[in-house]
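Here's the letter readout for the chains.
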Amino acid sequence: MSKVDLSSYNTKGFFDEMMGSEGQIRPHYALLQERLKKMGWKKLNFLQQSTDRAQLSLGMTFNVYSDNQGIERILHLDIIPRIINGKDWDYIERGLKQRITALNLFLDDLYNDQKVLKDKIIPKELILSSSTYLKQCMGLKPPENVWSHITGTDIIRGGDGSFYVLEDNLRCPSGVSYMLENREILKRTFPELFEKLNVRPVLDYTHSLRDTLESLTNITPATIAVLTPGIYNSAYFEHAYLAQQMGAELVEGRDLVVKDDFVFMITTKGLQRVDVIYRRVDDDFIDPLAFRKDSMLGTPGLFNAYKKGNVILVNAPGTGVADDKAVYAYIPRIIKYYLGEDIILPNVETYICDEEKDLQYVLENIDQLVVKQTDASGGYGMLIGPKSTKEQQAEFIKKIKSSPRNYIAQPTINLSRVPTLSGEEIEGRHVDLRPYVLYGKEIKIIPGALTRVALEKGSLVVNSSQGGGSKDTWVLNDI
Amino acid sequence: MLSRVADTIYWMNRYLERAENYARFLDVNFNLSLEMPQDISAQWKPLVVTTGDWELYESLYEKIEKSTVIFFLGFDENNPNSIFNSLKNVRENARSVRPDITKEVWEQVNYLYHLVKEEKLKKRWQKKDPRGFFTEVKKGCQLLYGIFETTISRNDGWHFGRIGQLIERADKTSRVLDVKYHMLLPDAKAVGSPLDLIQWAALLKSVSAYDMYRKRFGKLTVQEIPEFLMLDKVFPRSMLRCLIHAERSLHTITGSPTGYLSDAERQLGLLKAQLEYADINEIFASGLHEYLDNFQAKLNDVSNAIFETFFSTDNIMNSHK
């Protein structure tokens, strides 16, 4: 049986997480590499198939939006882990703490004194024109002044090996269940590596999540519920998983009722009060009386109960304004403004199409840039210049010109690559990194992340809806 | 417990019980058909009548064929009660109450669903002998009962699930008895001929009652078979036994040891008492078919009353002061 062979593994032109440009194995990958080389292709593929089966039997499936039939897919989990050494991780952690602290101060300011606007750190119109800025939230003070309690920040590593923040997800970031389940599966795949490598555990995430939610209320014991849009939502697996792991109730909008500005669950024994809701329903849909009237997913009166302080919503409504892609460009200045510090984890350079000078540059260099719609996510509404056709570019130029506020552009970054199994071959594939941050009384960052991988050769799009898969992410304790 | 969750668990268990029953019916009927004269229609139509799906069958298919009936009851997406659809429902229900069941339950539910899905892709109903499939479904369901039994706390959810299972079971036993009994009755005097014995034994086997019946009565008789399936106090699939246990679970949920606090308890209690104090000869005198028909209708009322009492959002909100 032929053994796994890495001699033809090619890193040309990219930053590879396992191998340096001279072909040397980075120290934190040494044990994994040795293990792989001792294995036959057959064994490796067998382990991969067992993983697919494990995911099916765990029901780790999701429906893709465009498939009306609701075709169930698993998010492909590549068994070769992505490994991060302790030094890099500690740096990421410091960067995230700084960023999340500043973003929450920013949110609290935006919905209260708006000093940041008065001091002209960020253009007023940019905020007020954002569809995610909720004027209904003006004057609100959530517990601990924290607005975004649960964040999943997208981080990438460029060709120079530096880390950059690509996107802040301050609304309902998903994927943490994959971080946890991937780890469970990989422990079965490579038990001996876990024994030898000092991988930091992620298991306590759901405990910490529960602690975070409980820390926001004085009521003990608090009744905690996870609010889901229901089983047809693509992240339903995660909603159910988190509710179950936390020992919380999993509720849909129709399970809740608001009476006298308090929120209750409808149970077989009558109505039962709910104190904290980890809601995985978007702002627009949580309450048809306050936001979208046509929402079938929400509970009438929920927002009012929240405003009166009778229920805690996590994350707080209104956080979307701070992860708007146009606001992103101002984050280094926002950090400086609130903390007096330079940004630790840098942003990717960003051109704001709403600014004349940047717009000109974007229109002239569109074939070199990644253009993003500011209010879209999931890899939709995006143009990757170098990989696009003239027609696609022309289409985007038209769109940008008609509503520049809705677009930003960034240089195309060659995301770092990680060895990935593809039949009888191991090849580099592009990845990003989404760590999860909890913020109640204090900030807690779990030493792990969801690594998303673009499975298609050469592809830079890692989103699950666009052919992306995932990897377990091992954060090591440096010895 | 959330009303929606209780409702979902109730139906999840009904569908599971339904799938197991359908698999057993098909298995027994297939066996029977191997030993019977070659009148396909007489062998397979009663099965579809028993499950209550005959009207739908007629509207979809012109002919009665073995493979069509197996497809219809086993795999047909147009039949809401087919094994495929039942297990699909079990899974969707399980998915939406995932935090209220255990990982073990969920994994087995998934396994069962994928099993049927794969066999559907392989067009198992066209194969010469599909019995292996029926056995796998039966065993898969039974394993799931066992996992429920050993991993789920005896909380309200468990009891609602149990009630769903028992109501479905009582309903299916009454239907099998109703249809088969009246088909076989014209020859009742002739019980004892090999052909009759096979048929009566098949009736018992289709509700897994053959062995326990033999133990209880020994000889197959036209009086004692209905008596066993309806009124036996210790056989787990008899109509009475199902209702005794359903009532116990209902009382556990409400916390009232006897009598009733809700309409659901009252209706279930009445129906159970009717069986408990019934005399089989009186039932024969007034008509077995009418009796069973009435039983099914009342059982349906019980199910509706449970919905109104525990699951209906409007009722619960109106009763909240």
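Residues numbered from 1 in each chain as written. Chains lettered and ligands numbered in written order. Predicted model: local features only at pLDDT ≥ 70, side-chain atom pairs only at ≥ 80, totals over all residues.

Chemist: What am I meant to see in the nonpolar core here?
Modeler: Most often, soluble globular proteins have nonpolar side chains that are buried together. Residues Ile 277 of chain A together with Ala 19 of chain B are the most contacted members of the largest nonpolar core, which totals 218 residues. At 14 residues, the largest contribution of residues to this core is made by helix α1 (residues 3–35) of chain B. Shared between two domains, this core takes at least three residues from each, and those domains are domain 1 (1–152) and domain 2 (166–321) of chain B. (Core = buried A, V, L, I, M, F, W, Y, C linked by C-beta atoms within 7 Å. Buried ≥ 20, exposed ≤ 12 C-beta atoms within 10 Å, placed from the backbone. Helix = DSSP H or I, 4+ residues; strand = E, 2+ residues; numbered from the N terminus. Domains from an automatic or database assignment.)

Chemist: Can you help me understand the interface of chain A and chain B in this one?
Modeler: Interface extent is often summarised as the accessible area lost during association of the parts. Contacts between the two partners involve 19 residues from chain A, matched on the other side by 21 residues from chain B. Mapped onto the side of chain A that touches chain B, the elements with two or more residues apiece are α2 (41–57), α9 (236–246), β8 (249–251), β10 (262–267) and β11 (270–273) of chain A. Considered class by class, the residues forming the side of chain A that touches chain B number 11 nonpolar, six polar and two charged. (Contact = placed C-beta atoms within 7 Å. Nonpolar A, V, L, I, M, F, W, Y, C, P; charged D, E, K, R; others polar.)

Chemist: Can you walk me through the environment of Glu 427 of chain A in this structure?
Modeler: All names here are of chain A. With respect to the helices, strands and loops of the structure, Glu 427 is situated in strand β19 (residues 426–430). When the 15 C-beta atoms within 10 Å are taken as the criterion, Glu 427 is described as partly exposed. Here the alpha-carbon distance between Glu 427 and Lys 457, two residues 30 residues apart in the chain, equals 8.5 Å. Among all residues touching Glu 427, those that are not within four sequence positions of it are Thr 420, Ser 422 and Lys 457.

Chemist: Which parts of the structure should I look at to understand the pairing of β11 of chain A?
Modeler: Residues in a regular strand project their side chains so that they alternate between the two faces of the sheet. Residue and element names in this part refer to chain A. In this sheet, β11 lies alongside β10 in antiparallel orientation, the contact comprising four bridges. Across the sheet, Met 265 pairs through a bridge with Gln 272, a residue of β11. Hairpin connection between β10 and β11: a loop of two residues separates the two successive antiparallel strands. (Pairing = 2+ DSSP bridges.)

Chemist: Is there a simple way to explain helix α7 (residues 131–151) of chain B in this structure?
Modeler: Every α-helix winds through 3.6 residues per turn, so residues three or four apart in the chain are directed the same way. Residues and elements named next belong to chain B. With 21 residues, α7 should cover 30 Å at 1.5 Å per step; its first-to-last C-alpha distance of 30 Å lies within 8% of that length. Within the span of α7, buried status applies to Phe 133, Phe 134, Val 137, Gly 140, Cys 141, Leu 144 and Phe 148. Taken around the axis of α7, the buried residues stretch over an arc of 130°, which confines them to a single face. Summarising the geometry of α7, the exposed residues directed more than 90 degrees from the buried face are Gly 132, Gln 142, Gly 146, Glu 149 and Thr 150. Buried residues belonging to α7 abut α1, α5 (83–96), α6 (103–121) and α8 (156–184). (Expected span 1.5 Å × (residues − 1). Arc of directions from axis to C-beta.)

Chemist: Sorry if this is basic, but what is going on with the environment of Ile 445 of chain A here?
Modeler: Residues and elements named next belong to chain A. Take Ile 445: it is sitting in strand β21 (residues 443–445). For the pair Ile 445 and Ile 286, spaced 159 residues apart in sequence, the C-alpha separation works out to 27 Å. Among all residues touching Ile 445, those that are not within four sequence positions of it are Glu 93, Leu 96, Lys 97, Pro 435 and Val 437.

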